[in-house]
Amino acid sequence: MAAFSSPNSDRLPTEGCAHWAAFAAQHHLPEPARMAMDHALAEHLQNIVSHSGASRVEILFQSAPKAVLAVVSDDGRAFDPTAAPEVDTTIPIADRPIGGLGIHMMRRLCDRLTYQRLGDTNRLELAKAFDAG
Amino acid sequence: MSITRQSKGDECEFILPARVDGPTANQLEIEVLEVMRGGARTILINLAAANFLCSAGIRVILQYHRQMKSQGKVLLVSGTSPEIDQVLELTGFRDQIVEKR
């Protein structure tokens, strides 16, 4: 397990993903799981920076034999990414709304996203399973 | 996060770094707007060195792909790695914005 706490700033996605990379290397996680969580985490942290108004963010990484978990807590405005509308990827490019791609990618890259509002804190769990090898 | 720009006539190619994150996407938008205002008719976004493309980067590519197309001009992505192909595939845009080789 590893924890990382930071004030909310433009550097949050870069720093959060650097901590993730160090954790993934330390635990010898397979490349597809590393990359998927790296991308999903970057999207979520960028959303926090851009939209939440949070002052502080905490990230916890946990590794199990066949899965990895990132838990991100922030004290920003309540926002449940799991409740965001699905993006319809079949609509032609000229007609499609451009927003919502970050959450769409988080959903596709992770196996499970779980949101809770606990007091004045947003808590999102991002889970990625992999084949232990 | 540096972006390299190569221009020839009214064609321009942007060569993007390995990680196209939020700040790099913002920089790309500034540079694309600059060459569009300068009269570019063809813009290529070269992702051969990239292995990470965030949604902000995709948004920039899509937004200006549409604008250029509506003016009878071209903005396409070139040189995608397997990682970038996978991300573009997830969005459903891959076949529409990647240059056909």
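This one's a predicted model, so the numbers in the text were calculated from it and none came from an experiment.

Caption draft 1: The arrangement of the sheet that holds strand S3 (residues 67-74) of chain A in detail. All names here are of chain A. Taken in spatial order, the five strands make up an open sheet running S1-S2-S3-S5-S4, and their pairing is antiparallel. Edge strands, defined here as strands with exactly one partner in the open sheet, are strand S1 (2-7) and strand S4 (112-118). Geometrically, the sheet is characterised by an average inter-axis angle of 15 degrees between neighbouring strands, direction not taken into account. Summarising the sheet, S1 and strand S2 (residues 56-64) pair through six bridges and their orientation is antiparallel. Looking at S2, one finds that Ser5 is bridged to Glu58. Strand contacts of helix H2 (residues 31-52): S2, S3 and strand S5 (121-129), with the helix running at about 5 degrees to S3, the strand carrying the most contacts.

Caption draft 2: Summary view of the pattern of salt bridges. All names here are of chain A. Applying the stated criterion to the full structure yields 11 salt bridges over all chains. Linking Glu15 and Arg11 is a salt bridge whose minimum nitrogen-to-oxygen distance equals 3.0 Å. Glu125 is the salt-bridge partner of Arg112, the closest N and O atoms lying 3.5 Å from each other. Of this pair, Arg112 sits in strand S4 while Glu125 sits in strand S5; the two residues are 13 residues apart in sequence, bridging distant segments of the chain. Looking at Glu125, the relative accessible area reads 16%, which means it is buried.

Caption draft 3: Representation of the sheet that holds strand S6 (residues 74-78) of chain B within the structure. All names here are of chain B. Reading across the sheet, the four strands line up as S1-S2-S4-S6 and stay open at both edges, with mixed pairing between neighbours. Two strands bound the open sheet, and with one partner strand each, they are strand S1 (4-8) and S6. Each neighbouring strand pair of the sheet contributes to a mean axis angle of 15 degrees, computed without reference to strand direction. The strands touched by helix H2 (residues 55-70) are strand S4 (42-46) and S6; relative to S6, the strand with the most contacts, the crossing angle is about 145 degrees.

Caption draft 4: A look at the layout of surface pockets. In this structure, the largest pocket occupies an estimated 550 Å³ of space. Looking at the largest pocket, it is lined by 27 residues, and the ones nearest its centre are Gln46(A), Asn47(A), Ser50(A), Ser55(B) and Ala56(B). Every element with two or more residues in the lining of the largest pocket is listed here: helix H1 (12-26), H2 and helix H3 (101-109) of chain A together with helix H1 (22-37) and H2 of chain B. The element best represented in the lining of the largest pocket is H2(A), accounting for seven residues. Within this model, the second largest pocket holds a volume of roughly 430 Å³. Going through the elements one at a time, H1, H2 and H3 of chain A together with strand S5 (52-53) and helix H3 (82-91) of chain B are the ones with two or more residues in the lining of the second largest pocket. Sorting elements by how many residues they give to the lining of the second largest pocket places H2(A) first, with seven residues.

Caption draft 5: How the structure looks around the nonpolar core. Core analysis: the largest hydrophobic core is formed by 36 residues, its most contacted members being Phe14(B), Leu28(B), Val32(B), Ile43(B), Ile45(B), Leu47(B) and Ile58(B). Those elements giving two or more residues to this core turn out to be H3 of chain A together with strand S2 (11-15), H1, S4, H2, S6 and H3 of chain B. Ranked by residues supplied to this core, first place goes to H2(B) with six residues. Those residues within four positions of Ile58(B) in sequence are excluded, and the remaining contacts are Leu101(A), Met105(A), Leu53(B), Val87(B), Leu88(B), Thr91(B) and Phe93(B). Judged by nonpolar contacts, the second largest core, of 29 residues, contains Leu45(A), Ala70(A), Cys110(A) and Tyr115(A).

Caption draft 6: Quick look at the pairing of S4(B). All names here are of chain B. Within S4, four of the five residues are buried, which leaves it mostly tucked inside the rest of the structure. The sheet contact formed by S2 and S4 spans five bridges and is parallel. Among the inter-strand pairings, Ile15 is bridged to a residue of S4, identified as Asn46. Bridge count between S4 and S6: five bridges; the pairing is parallel. Across the sheet, the residue bridging to Ile43 is Leu75, located in S6.

Basis of the calculations
Residues numbered from 1 in each chain as written. Chains lettered and ligands numbered in written order. Predicted model: local features only at pLDDT ≥ 70, side-chain atom pairs only at ≥ 80, totals over all residues. Heavy atoms only, no water. Pairing = 2+ DSSP bridges. Helix = DSSP H or I, 4+ residues; strand = E, 2+ residues; numbered from the N terminus. Axes fitted to C-alpha atoms, helices over the stretch in contact; angles between N-to-C directions. Contact = heavy atoms within 4.5 Å. Salt bridge = Lys/Arg side-chain N within 4 Å of Asp/Glu carboxyl O. Buried < 20%, exposed > 50% of the residue type's maximum accessible area, 1.4 Å probe, protein only. 1 Å grid on protein atoms, 1.4 Å probe; cavity = no way out; pocket = protein on both sides within 12 Å on 5 of 7 lines; lining within 4 Å. Points joined across faces, edges and corners; volume = space filled by probe spheres on them. Core = buried A, V, L, I, M, F, W, Y, C linked by side-chain atoms within 4.5 Å.

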